[in-house]
Amino acid sequence: MSQNGAAFERAQRVIPGGVNSPVRAFKAVGGTPLFVKSARGCTFVDLDDKTYVDYVMSWGPLILGHAHPAVVEAVQNAAGRGTSFGAPTEAESELAELIVGMVPSVEKVRFCSSGTEATMSALRLARAFTGRDKVVKFAGCYHGHADAFLISAGSGALTLGTPDSPGITAGTARDTVSLAYNDLDAVRAAFDAHPGEIACVILEPYVGNMGFVLPKPGFLAGLRELTQRHGAVLIFDEVMTGFRVAPGGVQQRENILPDMTTLGKIVGGGLPVGAVGGRSEIMERLSPVGAVYQAGTLSGNPLAMAAGIATLRLLQEAGIYEKLDGLAARLIEGLDTVFVRHGVAHQATQRGSMFGFFFTPQPVTDLASAKTSDVSFYARFFHAMLERGIYFAPSQFEAGFLSSMHDEAVVDRTVAAADDAIAALHAT
Ligand code: HOZ
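Read on for an overview of the structure. (Residues numbered from 1 in each chain as written. Predicted model: local features only at pLDDT ≥ 70, side-chain atom pairs only at ≥ 80, totals over all residues. Heavy atoms only, no water.)

1. Some thoughts on the sheet that holds strand β1 (residues 36–40)
Judged by pairing direction, the sheet is mixed, and its 4 strands sit side by side in the order β1-β2-β3-β13 without closing on themselves. The sheet terminates laterally at β1 and β13 (390–391), the two strands that pair on one side only. When strand β2 (residues 43–46) meets strand β3 (residues 51–54), the two strands line up antiparallel, connected through 3 bridges. Bridge pairing in β3 links T43 to V53. (Pairing = 2+ DSSP bridges. Helix = DSSP H or I, 4+ residues; strand = E, 2+ residues; numbered from the N terminus.)

2. Thoughts on the environment of Q350
Position of Q350 relative to the elements: it lies in strand β11 (residues 347–351). Sequence separation between Q350 and A193 is 157 residues; the distance between their C-alpha atoms is 36 Å. Not counting residues up to four positions away in its chain, the partners in contact with Q350 are F212, D325, A328, A329, I332 and F355. A polar contact is formed between the side chain of Q350 and the side chain of D325, at a distance of 3.1 Å. A polar contact is formed between the side chain of Q350 and the backbone oxygen of G352, at a distance of 2.9 Å. (Contact = heavy atoms within 4.5 Å. Polar contact = N/O pair within 3.5 Å; in protein donor to acceptor, adjacent residues only side chain to side chain.)

3. Observations concerning the site of the ligand
Around the ligand, the neighbouring residues are S21, R24, W59, Y142, S155, N209, M240 and E398. Between N209 and the ligand, the recorded distance is 2.7 Å, taken from a side-chain N or O atom to a nitrogen atom. One nitrogen or oxygen atom from the side chain of E398 is found 2.8 Å from a nitrogen atom belonging to the ligand. Contact with the protein chains hides 87% of the accessible area of the ligand, taken as 290 Å² for the molecule alone. A class-by-class count of the residues in the shell around the ligand yields 3 nonpolar, 3 polar and 2 charged. (Near = heavy atom within 4 Å. Areas by Shrake-Rupley, 256 points an atom, 1.4 Å probe, with all protein chains shown as cover. Nonpolar A, V, L, I, M, F, W, Y, C, P; charged D, E, K, R; others polar.)

4. Thoughts on the packing of aromatic side chains
Applying the stated criterion across every chain yields a total of 24 aromatic pairs. An angle of 55° between the planes, with centres 5.8 Å apart, marks the rings of F339 and F357 as tilted. Of the two residues, F339 is situated in helix α12 (residues 320–341) and F357 in strand β12 (residues 354–358); the sequence distance between them amounts to 18 residues. Taken together, the aromatic side chains of Y55, F339, F355, F357, F359, F377, Y378, F381 and F392 make up a single cluster linked through ring pairs. (Phe/Tyr/Trp six-rings, centres within 6.5 Å; stacked < 30°, edge-to-face > 60°.)

5. Focus on the sheet that holds strand β10 (residues 274–278)
Ordered by their spatial adjacency, 7 strands build an open sheet running β4-β10-β9-β8-β7-β5-β6, and the pairing between neighbours is mixed. Two strands lie at the open edges of the sheet, namely β4 (108–112) and β6 (176–179), each paired on one side alone. Strand after strand, the sheet turns through a mean of 20° between neighbouring axes, direction not considered. Where β4 lies against β10, 5 bridges are found, and the strand directions are antiparallel. Along β10, the bridge assignment pairs K108 with G278. Helix-sheet contacts for helix α4 (residues 115–130) involve β4, β5 (134–138), β7 (198–203), β8 (233–237), β9 (260–264) and β10, and the interaxial angle to β9 is about 165°. (Axes fitted to C-alpha atoms, helices over the stretch in contact; angles between N-to-C directions.)

6. Considerations on unusual backbone geometry
The amide bond that connects S287 to the next residue, P288, takes the cis arrangement and shows omega of 15°. Residue position: P288 is located in the loop between α10 (280–283) and α11 (302–315). Non-glycine residue W59 carries a positive phi angle of around 65°. For W59, the position within the fold is in the loop between β3 and α2 (69–80). A positive phi angle, near 65°, is found at F243, a position not held by glycine.

Right, dumping it as structure tokens:
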């Protein structure tokens, strides 16, 4: 048995499914998950000592690559001064200042420990601010695993066939209105059907949790106009896209400002951090200024703050986003050419260093069209690429991520591997 296989067996004896987050278990693609021994730059090494080019990058946080020296040094230095205090440090203000400076709509920000906590807190704040209960979300978007969002959810919930998780009360489900992404008419109808009841509309402004799906022209602007008109809070969940598709996320790239923004992943530089930010008027409702309770022993953790500060500082260097955008475009154009050459029906797209591809002839604009993708072909393609040392997400319904440590040679090698992989798949 391989070392990965033995490690997976051991893990399954003491951890449900052998993993601490479901998508990692490879259930959607079959086979044994790779257990990581070490990682550097754009590659990782598994327990069987095989090296892979990584296009998952911890599901988004590692825009500077694995073990970036400046990030590692910042974390080591912080650890030497103490790992947690449960009392404020200046690093929290420094990271908050960086965020306020980079994300256009954020005036104040509160740190927590994960994206799930950020969206959960954003929802509570929106409800308190508006005095309303209902939340509008979009099928296939994933906002972490708080109850209110596990209705038609994306990511692992979608991959593993539990988009409406058991354990969510009927009352919670009643307060969540789930609509088709990109369907502005459905949003209009929801506001008409629930006058004065909708606290907020939350979405991934570019979706990374049903594969990579973009908003149609006018969708985000339409949501901005409708929420304003009906007095609801617009929440952009930029946990994946924040600091990823532009320094200020989708809101900067598309020039649409939400009322609140949830952040995670890159803001923690690879350590566990979430953040909820927005207009002061809303954020000041948070305890201890206001009455909306939100707290955490490890919130603003000094190691995580240090990693986040080092990462955001480096991201402000000139040219980094242009380089990433160019690399992702090269990858997607290369894969597109390969798929066309082999007659594989597909959709492929990127924005900044996020990308995705579906195996369907149909344009993908929402969950229903995403689900037309040939997931069994995805699984075979995934394994064929794995054999060639390329690690894409072990699910069709996730996005891909590049880092500043990927380069043209790596991307070209990936495209060549895809050509070889599909030729091999067609030959069998
Ligand atoms: N929810 C993450 C992907 N969208 C997966 C997290 C993980 O497995 O680490």
